[in-house]
Amino acid sequence: MDDKADEAIRNSDSALSASEPPSVSRAASASNLLPQYSAPINQQAETIALRHSGDGRVVPAEENEPPILAGASPPEHEEDSDDEASRKHVYPAWLRTLEAKLRLRPAVIQPMPVMTRPMLPGFSRRLAGVFKRVPCRWRWAVRCFYVLLWIIVAGLLISFNNYKAMTAEGQPTYLACNDELWEWQVETCGLNGVYCSPFANQSFVVRCPQECLQTRNLNQRWLGNTTQGFLAPWVVGSGPYRAESWICAAGIHAGVIKKHWGGCAAIDIVGEISNFESTTANGITTLPFPSWFPKAYNIRAISSSHCTDFSWGILPVAYLFSVFFSLFWPTKGSFIFALVSAGFWYGTFIAIPIHGDSWTSAAFGTYFVTLGYTYVLYTLFMRPSILYPARFPLDTAILYIAPFYLALHMEILTAPLSNFGLTSRAFRDPETLVIFVIGLPAVLIVCSAQLWLFRRHGMLVRYILAYGTAAIIYFVVAKIVGLSVHLHHYTLGIILLPLTRLQSRTSLVMQGFLIGLVVQGISRWGPASPFDTAFQNQAGDEVVSVPRPSFAISPNALAANGTIAWEYGSSPGDPIPSGLSYDAFSLLLNDVEIYRGVEPSYNVQKLLTDPLRDYYVRVSLVSSGSALQYCYPVVVTGSGKIVYQNGTIVTKD
């Protein structure tokens, strides 16, 4: 009886086996469908092909995470990948037709690759297995202890490097590389510079950061009757220095501030000076100005302690803390959160430090804005391609974290291009042109290669449509509302990050560098607008459609009373025509506002005190309390001589 039952069961199993289709391994099916991305037999291959979801869509990388290398346990608390397979994706028929006509969609859609082989697999396996030795119940405590140690060490280094300086004349004022004693915006210093006093008989001590020689003026400025100082530290004179000279750059020129390490110095305000000479010293050529200015200063060495800026020494410490954090099996999200947080505060206090209690408190608000940007970018573009740090420790350290910290120093490494608009200002200097000629094609080649890879996976048209639509909206909005485009470097990081959604080592380097650009730009400047108004462009050398008065100076009146006259209307001497949105005129003498009112003339007594010296006058309209764009400078003397910008010379009868 038992033998008959066993035989019946065996016959039933045979029948079931015969009715089933023959099994096909996943590797074999992938090899038949997609020969260029065949699945590897072992884990020694660089990439592994992913299966299709059944609706023509390739399953994302996180739905098929590669196993960790043999001998190492997977990180704890790994993120659950989005169940994208459950979301039915309907590919529009019109888009499919467009792709076919333009031949932008390959006949066979290849699956997205996933990296499985790290750099130096044996060494990476040992690094990944270090944290495995910690008992599971204590791993959370070890992580917390490491993060706490990271914060304490960072705080001590920042405190020692930024806030412990002391001199023989007291605690110094911490400066940025472009701080000055006289602001170019006339409203800041006010009429006759009253808000920028005192003009003499005052001394104080300052502390300058490192690498101020690399900080350059990004706008051409009028100095006398010419524009000067583009892409160079702004220093006028050779001691005394004109008051709007950058203090730290002047200290480097005087030899009391170190080029690469900063330092402390004493400032002595010496009052008005009638001539500023140009000299070259310590890598800085100062600008000449052969006329009067109401405020100047000398800079001298002083006995001090803890004034050397060790920011470059802090960089490897910050880098190593970020690298070691990846060995504690963090999830992708926690790793990005930690890296962006460390990078933000590194940029705030170390890379380009800005001191002041009010600014520091405001930085916390900017920090949360940075986290918001990062969350959106991570969710949309970064998560599919970023590697699990513990599985790829060397790739993460070398190809991701290192480019990230390099980007945090972009303002020093590429000063001419750190912040530019799509205007003539970005292309006027030969050095800038060389960087564009070399750098721009390299960026275009890398981006084109990434887009070509997206074509193999059926995503090229979607990227072209997305970028094209965004570009059209951007430029059309600027045109409609009358704004100028201004692509900040953090904006470029956001624009290019979608190209890193493909998992590869090239994407890893690009993504690390681009997210570093975003963090550096926002931590330094805040989430600046991608548009500029005509008034914002006045600070530079851009040609904007702002009306300007023109001079109508009489040589005889100039010699008799120092009278400077101008016109804006039908005839000289008329005030501002009624019905226009202008409040007054603003008159500059040697870049100092000496008059603001509705009358189109003013007697400048200063001209008569030294009738043979050249003075430079400019005039503008005032709207809502702010001076608009000033006209071209005119050279005048108290003897009645007038030299216009076109070279015309008019003298007294």
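Residues numbered from 1 in each chain as written. Predicted model: local features only at pLDDT ≥ 70, side-chain atom pairs only at ≥ 80, totals over all residues. Heavy atoms only, no water.

Draft legend 1. Representation of the overall build of the chain in the model. Helix and strand counts for the chain come out as 19 helices and 25 strands. The buried share of the chain, reckoned over its 653 residues, is 48%. For the chain, contacts bridging at least 24 residues in sequence account for 74% of all contacts bridging at least 6. For the chain, the exposed surface amounts to about 31,000 Å²; the carbon and sulfur share of it is 62%. (Helix = DSSP H or I, 4+ residues; strand = E, 2+ residues; numbered from the N terminus. Buried < 20%, exposed > 50% of the residue type's maximum accessible area, 1.4 Å probe, protein only. Contact = heavy atoms within 4.5 Å. Areas by Shrake-Rupley, 256 points an atom, 1.4 Å probe, with all protein chains shown as cover.)

Draft legend 2. Here's a closer look at the sheet that holds strand S12 (residues 296–300). Reading across the sheet, the five strands line up as S4-S5-S9-S12-S8 and stay open at both edges, with mixed pairing between neighbours. At either end of the open sheet lies a strand with only one pairing partner, and these are strand S4 (173–174) and strand S8 (241–242). Packing against the sheet, helix H7 (residues 247–254) makes contact with strand S5 (200–208), S8, strand S9 (263–270) and S12, and its axis sits at approximately 55° to S12. (Pairing = 2+ DSSP bridges. Axes fitted to C-alpha atoms, helices over the stretch in contact; angles between N-to-C directions.)

Draft legend 3. Fine view of the environment of Gly-647. For Gly-647, the location among the structural elements is in the loop between strand S24 (642–643) and strand S25 (649–650). Separated by 13 residues in the primary sequence, Gly-647 and Val-634 place their C-alpha atoms 9.7 Å from one another.

Draft legend 4. Region of interest: the packing of aromatic side chains. Taken as a whole and assessed by the stated rule, the structure comprises 34 aromatic pairs. Residues Trp-222 and Tyr-632 carry aromatic rings whose centres are separated by 5.7 Å and whose planes lie at 70° to one another, so their mutual orientation is edge-to-face. Of this pair, Trp-222 sits in strand S6 (residues 221–223) while Tyr-632 sits in the loop between strand S22 (626–627) and strand S23 (634–636), and the two are 410 residues apart along the sequence. Residue classification places Tyr-632 among the partly exposed residues on the basis of a relative accessible area of 46%. Seen from their ring centres, Tyr-319 and Tyr-405 are 6.3 Å apart, and the 85° between their planes marks the pair as edge-to-face. Of this pair, Tyr-319 sits in helix H8 (residues 311–325) while Tyr-405 is found in helix H11 (residues 393–407), placing the two residues 86 residues apart along the sequence. The class for Tyr-319 is partly exposed, based on a relative accessible area of 22%. (Phe/Tyr/Trp six-rings, centres within 6.5 Å; stacked < 30°, edge-to-face > 60°.)

Draft legend 5. Just the sheet that holds strand S16 (residues 550–551), in detail. Reading across from one edge, S16-S17-S20 is the order of the three strands in this open sheet, with antiparallel pairing throughout. Where the open sheet ends on each side, the last strands, each with one partner, are S16 and strand S20 (601–603). Across two bridges, the pairing between S16 and strand S17 (residues 563–567) is antiparallel. Each bridged residue has a counterpart across the sheet, and for Phe-551 the counterpart in S17 is Trp-566.

Draft legend 6. Summary view of the side chain of Ser-291. Within the fold, Ser-291 resides in the loop between strand S11 (284–285) and S12. Once residues within four sequence positions are removed from consideration, Ser-291 is found in contact with Ile-273, Ser-274, Asn-275, Phe-276, Asn-590, Arg-613, Asp-614, Tyr-615 and Tyr-616.

Draft legend 7. Geometry of unusual backbone geometry. In the segment running from Ser-197 into Pro-198, the intervening peptide bond is cis, with an omega of 5°. Within the secondary structure layout, Pro-198 lies in the loop between helix H6 (186–189) and S5. Omega for the bond connecting Gly-239 with Pro-240 falls within 30 degrees of zero, at 10°, which places this linkage in the cis form. In the Ramachandran plot, His-306 falls in the positive-phi region, its phi being about 60° despite a non-glycine side chain. Take His-306: it is sitting in the loop between strand S13 (304–305) and H8. Unusually for a residue other than glycine, Asp-591 sits at a positive phi of about 70°. Of note, Asp-591 is situated in the loop between strand S18 (584–589) and strand S19 (592–597). On the basis of relative accessibility, which here comes to 14%, the residue Asp-591 falls in the buried class.

Draft legend 8. Structural view of the packing of H11 against helix H16 (residues 505–525). At their nearest, the axes of H11 and H16 sit 7 Å apart, and the two run at 30° to each other. By the angle between their directions, the pair H11 and H16 is classed as roughly parallel. Between H11 and H16 the crossing geometry is right-handed. Together, Asp-395, Leu-399, Tyr-400, Pro-403, Phe-404, Leu-406 and Ala-407 of H11 and Arg-505, Leu-508, Val-509, Gln-511, Gly-512, Phe-513, Ile-515, Gly-516, Leu-517, Val-519 and Gln-520 of H16 make up the contact between the two elements. Grouping the constituent residues of the contact of H11 with H16 by class yields twelve nonpolar, four polar and two charged. (Parallel < 35°, antiparallel > 145°, perpendicular 65-115°, else oblique. Left-handed = near helix turned anticlockwise from the far one by under 90°. Nonpolar A, V, L, I, M, F, W, Y, C, P; charged D, E, K, R; others polar.)

Draft legend 9. Expanded view of the side chain of Asp-309. Take Asp-309: it is sitting in the loop between S13 and H8. Of the side chains with opposite charge, Arg-207 lies nearest to the buried Asp-309, which makes no salt bridge, at 4.7 Å. Among the polar contacts listed, one links the side chain of Asp-309 to the backbone nitrogen of Gln-210, at a separation of 3.0 Å. Every residue in contact with Asp-309, bar those within four places of it in the chain, is listed here: Asn-161, Arg-207, Pro-209, Gln-210 and Trp-261. (Lys, Arg positive; Asp, Glu negative; His and termini not counted. Salt bridge = Lys/Arg side-chain N within 4 Å of Asp/Glu carboxyl O. Polar contact = N/O pair within 3.5 Å; in protein donor to acceptor, adjacent residues only side chain to side chain.)

Draft legend 10. Structural detail: the state of the cysteines. If you walk through the whole model with that rule in mind, you get four disulfides. There is a disulfide in this structure between Cys-177 and Cys-212, and the S-S distance comes to 2.1 Å. Its torsion about the S-S bond being -80°, the disulfide of Cys-177 and Cys-212 is classed as left-handed. Of the two residues, Cys-177 sits in the loop between S4 and H6 while Cys-212 sits in the loop between S5 and S6, which places them 35 residues apart along the sequence. For the pair shown, Cys-177 and Cys-212 are each scored as buried. In this model, Cys-264 is linked to Cys-307 through a disulfide, with the two sulfur atoms separated by 1.9 Å. (Disulfide = S-S within 2.5 Å.)

Draft legend 11. Structural view of the pattern of salt bridges. If you walk through the whole model with that rule in mind, you get ten salt bridges. In this structure, Arg-242 engages Asp-591 in a salt bridge whose closest nitrogen and oxygen atoms are separated by 2.9 Å. Taken together, the positions of Arg-242 in strand S8 and Asp-591 in the loop between S18 and S19 put the pair 349 residues apart, joining distant regions of the chain. Notably, a salt bridge pairs Arg-596 with Glu-593, separated by 2.8 Å at the nearest N-O pair. Judged by relative accessible area, which is 4%, Glu-593 ranks as buried. Here the residues in one salt-bridge network are Arg-242, Glu-244, Asp-591 and Arg-618, joined through shared partners.

Draft legend 12. Structural view of the pairing of S18. With six of six residues buried, S18 is to be regarded as a mostly interior element. Here S18 pairs with strand S21 (residues 615–623) via six bridges, running antiparallel. Considered in S21, the bridge of Leu-587 is made with Val-619. Of the strand pairs in this sheet, S18 and S19 are connected by five bridges, and their pairing is antiparallel. Bridge pairing in S19 links Phe-585 to Gly-597.

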